[in-house]
Amino acid sequence: MSLVNIFLTLAVTHGTEVTSTAVRVRFAKQRLGLPQKQWRFRVTLFGVNGISCKGQHKITLSKPFVEQFEETPLLVAVLTYVGYGILTIFGYLRDFLRNWGVENCHVARERDEQKDFVPLYQDFENFYTRNLYMRIRDNWNRPICSVPGAKMDLVERTSKDYNWTFEHTGKVVKDVINMGSYNYLGFAENTGRCADNATGSTHKYGVGVGSTRSEMGNLDIHEELEQLVARFLGVESSMAFGMGFATNSMNIPALAGKGCLILSDELNHASLALGARLSGATIRVFKHNNMVSLEKLLRDAIVHGQPRTHRPWKKMLILVEGIYSMEGSIVRLPEVIALKKHYKAYLYLDEAHSIGALGPRGGGVVDYFGLDPKDVDIMMGTFTKSFGAAGGYIGGKRELIDYLRSHSHSSIYATAMSPPVSQQIITSMKIIMGEDNTTLGAERLKQLSENTTYFRRKLREMGFIIYGNNDSPVVPMMLYMPAKIGAFGREMLKRNIGTVVVGFPATPIIESRARFCVSAAHTRDMLDTVSHRSETADVLQAWRTGKAFQYMLYERDGGVREHLGSASVCFLQIPKLSSPGATEPTKSSQKC
């Protein structure tokens, strides 16, 4: 019996009185007769009618909201720090050998005659790159030679100098299951209506525009796209940009400046952080998805005002994302809207990962919670994920969009969006909206939701630690230790599965992870293959309860032999158990 502790925040509405009660629920669940293990999750469940934020703000919700985050075990945290410590010690040792010419140094560095100059390269970042990142660099920038759909083809490459340079072998790894691309609705394809319409657009307009929108690059297809986006979002107006990253980084400075206050979630994307810094506004960071932290900052901002002068802030702007791409969590949007209304702030919502991937209509996190789009002041999103294209958009009131057309650097100076890309977005968006007179869009939205639920449940049943919301197609699976990052990515590729592995500094130092992105294009067989071929992760997470590894032993017949670098784990001739109460498998005495 496995003891599970779940913390539920229940919100119950009784007429006009709204109360919030924290309840600790304990229940036991049997899994394969494995040893007892204490699990702790952070789970939030919203009631059907509404909740309150400190008893002041009424919020209406329509479905449960469940997120899970298991804390890093203390032993694993200690071992992870020790692992990074060992890597750092060996890094300094190798730098010592490089300085004496014993080992070659391929990284950029200052010449001897410039040793008295201000350093051009940041020393620690350079140290991290050459001594830690280079050891596992082969897990990134893999060349793809096909459409990055549910399956893809990779160009095989090797390195003879420990990942400093790569050589192509001339071979192609066929039919690799793609679990890393943001192809949520499966529109990354070279056949079908989207591809045909994009081809027709190329014949009509060509590939490039050769000018900005404000000069000679404003095509009728661009205006059609912006009108469609506004209708899809349910806002008055919108404008499109050729790059998603620049949509954030170049438009936030046009919305805030000196004397303004930006309140940013601590896990916001780099484009949001860069835009906030470029704006010149004062930036304050609140804890991830923590409404208590956000409300404290809002209250303090009103009470104390600007530093030194204590004048009121010209503007308070809250920056949040719909789905956080490293955590798989969904913003607590109803509570954010309640706070921004109460404290008279503005809300900037980045729906890069949530637009098209959440909600019954694919309208993103606003549609997911059934909220009014008018409650969000600035709605931002990208076309690079659910729509299989490129670029980004901003939607909102007509006055906002007219202002940005004449003040946004991304609008004034950037070349207009490529016509075939615009047509790809228009076609895929009409399919999602059902304006193509088919049910293909609704079917893909349903398939994505089912695949997400199925894959998350499958990984949890196998005992893996996964983060995020149950409805999020971004599925982070925790690896923790630095050595596991490279091992997992390489071993999965050997099994024809392409995954994204992430570590410090993109994540906290003790929370390295593999990130799966579920797509509507994935079949059940593909998802089963990914989960069942994750024996590598079974071995990597064997430090926990042995549950994941024992699951593998229960599920497989015959022998299992896994190689992780120079280490080998060998279990041979293990019979498949007929029931959870069957005899425990025993380790073979045969040597590997």
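The rules behind these values
- Residues numbered from 1 in each chain as written.
- Predicted model: local features only at pLDDT ≥ 70, side-chain atom pairs only at ≥ 80, totals over all residues.
- Heavy atoms only, no water.
- Pairing = 2+ DSSP bridges.
- Helix = DSSP H or I, 4+ residues; strand = E, 2+ residues; numbered from the N terminus.
- Axes fitted to C-alpha atoms, helices over the stretch in contact; angles between N-to-C directions.
- Contact = heavy atoms within 4.5 Å.
- Parallel < 35°, antiparallel > 145°, perpendicular 65-115°, else oblique.
- Left-handed = near helix turned anticlockwise from the far one by under 90°.
- Nonpolar A, V, L, I, M, F, W, Y, C, P; charged D, E, K, R; others polar.
- Core = buried A, V, L, I, M, F, W, Y, C linked by side-chain atoms within 4.5 Å.
- Buried < 20%, exposed > 50% of the residue type's maximum accessible area, 1.4 Å probe, protein only.
- Expected span 1.5 Å × (residues − 1).
- Salt bridge = Lys/Arg side-chain N within 4 Å of Asp/Glu carboxyl O.
- Patch = residues over 30% accessible without salt bridge, like charges linked within 9 Å, V, L, I, M, F, W, Y side chains within 5 Å.
- Areas by Shrake-Rupley, 256 points an atom, 1.4 Å probe, with all protein chains shown as cover.
- pLDDT = per-residue confidence, 0-100.

Draft legend 1. Geometry of the sheet that holds strand E13 (residues 346–350). Reading across the sheet, the seven strands line up as E9-E15-E14-E13-E12-E10-E11 and stay open at both edges, with mixed pairing between neighbours. In the strand order of this sheet, the two ends are held by strand E9 (237–241) and strand E11 (282–286), each with one partner. The average angle at which neighbouring strand axes cross in this sheet is 20 degrees, direction not considered. Relative to E13, strand E12 (residues 315–321) runs parallel, the two sharing five bridges. Residue pairing across strands places Ile 318 opposite Leu 347, the latter belonging to E13. On top of the sheet, helix H9 (residues 333–342) reaches E12 and E13; it is set at about 155 degrees to E13, its chief contact. Packing of helix H11 (residues 398–407) onto the sheet brings it into contact with E9, strand E14 (378–382) and strand E15 (392–396), and relative to E9 it is tilted by some 30 degrees.

Draft legend 2. Main features of the packing of helix H14 (residues 440–461) against helix H16 (residues 524–532). H16 packs onto H14 with a crossing angle of 20 degrees between their chain directions and a minimal axis gap of 10 Å. If you check the angle between H14 and H16, you find them roughly parallel. In terms of crossing hand, the pair formed by H14 and H16 is right-handed. Of the residues in H16, those touching H14 at Glu 450, Asn 451, Tyr 454, Phe 455, Lys 458 and Leu 459 are Arg 524, Leu 527, Asp 528, Val 530, Ser 531 and His 532. By residue class, the composition of the contact of H14 with H16 is five nonpolar, three polar and four charged.

Draft legend 3. View of the nonpolar core. Residues Leu 298, Ile 318, Leu 333 and Phe 383 are the most contacted members of the largest nonpolar core, which totals 61 residues. Counting residues per element, this core draws most heavily on helix H4 (residues 220–233), which supplies seven residues. For Ile 318, the residues in contact, after removing those within four places along its chain, are Leu 263, Phe 286, Leu 294, Leu 298, Val 336, Lys 340, Ala 345, Tyr 346, Leu 347 and Tyr 348. Of all hydrophobic cores here, the second largest spans 24 residues; its members include Tyr 454, Ile 497, Ala 514 and Val 518.

Draft legend 4. Representation of helix H1 (residues 74–99) within the structure. The terminal C-alpha atoms of H1 lie 38 Å apart, and with 26 residues this matches the ideal 38 Å at 1.5 Å per residue to within 8%. Of all the positions in H1, only Val 76, Ala 77, Thr 80, Gly 83, Tyr 84, Gly 91, Asp 95 and Arg 98 are classed as buried. At the exit of H1 stands Gly 101, carrying a positive phi of roughly 75 degrees.

Draft legend 5. Representation of the environment of Tyr 133 within the structure. Structurally, Tyr 133 is set in the loop between helix H2 (123–131) and strand E7 (151–158). Here the alpha-carbon distance between Tyr 133 and Asn 163, two residues 30 residues apart in the chain, equals 9.5 Å. Aside from chain neighbours lying at most four places away, what touches Tyr 133 is Tyr 128, Trp 140 and Asn 141.

Draft legend 6. Helix H15 (residues 482–494), seen in detail. Taken together, the buried positions of H15 are Pro 482, Lys 484, Ile 485, Gly 486, Ala 487, Phe 488, Gly 489, Glu 491 and Met 492. Where H15 terminates, the next one or two residues include Asn 496, which has phi positive at roughly 60 degrees.

Draft legend 7. Just the pairing of E15, in detail. Burial analysis of E15 places five of its five residues in the buried class, the great majority of the element. With burial as the criterion, each face of E15 is covered, one bearing Gly 392, Ile 394 and Gly 396 and the other bearing Tyr 393 and Gly 395. Of the strand pairs in this sheet, E9 and E15 are connected by five bridges, and their pairing is antiparallel. Considered in E15, the bridge of Ser 238 is made with Gly 395. Looking at chain direction, E14 and E15 are connected through four bridges and run antiparallel. Its bridge partner lying in E15, Met 379 is registered against Gly 395.

Draft legend 8. Summary view of the pattern of salt bridges. Counted by the stated rule, this structure contains 24 salt bridges. Across the salt bridge formed by Glu 461 and Arg 457, the nearest N and O atoms sit 3.8 Å from each other. With Glu 461 and Arg 457 both in helix H14 and four residues apart, the pair spans about one turn of that helix. A salt bridge links Lys 494 to Glu 491, with the shortest nitrogen-to-oxygen separation between them at 3.1 Å. Of this pair, Lys 494 and Glu 491 both sit in helix H15, separated by three residues, roughly a single helical turn. On the basis of relative accessible area, Glu 491 is assigned to the buried category, the value being 6%. A network of salt bridges, in which partner residues are shared, links Arg 94, Asp 95, Arg 98, Glu 103 and Arg 130.

Draft legend 9. Inspection of unusual backbone geometry at higher detail. Of note, the bond from Phe 504 into Pro 505 is cis; its omega dihedral lies within 30 degrees of zero at 10 degrees. Structurally, Pro 505 can be placed in the loop between strand E19 (500–502) and strand E20 (512–517). Within the chain, Asn 163 stands out as a residue other than glycine whose phi angle is a positive 75 degrees. Tracing the backbone shows Asn 163 in the loop between E7 and strand E8 (167–178). For Asn 163, a relative accessible area of 10% corresponds to the buried category. Positive phi outside glycine occurs at Asp 175, with the angle close to 55 degrees.

Draft legend 10. Representation of the sheet that holds E7 in the model. In space, the three strands of this open sheet follow the order E7-E8-E18, with mixed pairing throughout. The strands lining the two open edges of the sheet, one partner per strand, are E7 and strand E18 (497–498). Bridge analysis of E8 against E18 gives two bridges, and the strand direction is parallel. Looking at the pairing, Asn 178 lines up with Gly 498 of E18. Relative to the sheet, H16 contacts E7, E8 and E18, its axis offset from that of E8 by approximately 115 degrees.

Draft legend 11. Representation of a nonpolar patch on the surface within the structure. Nonpolar side chains collect at one region of the surface, where Leu 74, Val 78, Val 82, Ile 86, Ile 89, Phe 90, Leu 93, Phe 96, Trp 100 and Val 102 lie side by side and expose about 1,100 Å² of accessible area between them. Structurally, the position occupied by Val 78 is in helix H1.

Draft legend 12. Main features of the confidence of the model for the protein. Of the residues in the protein, 78% reach a pLDDT of 70 or more, and the chain-wide mean stands at 80. Overall, residues 1–58 carries pLDDT values under 50, and its contacts beyond four positions in sequence, including any with other chains, amount to 141 contacts. Under a pLDDT of 50 for its full length, residues 542–592 has, in the predicted model, 92 contacts with residues more than four places off or in other chains.

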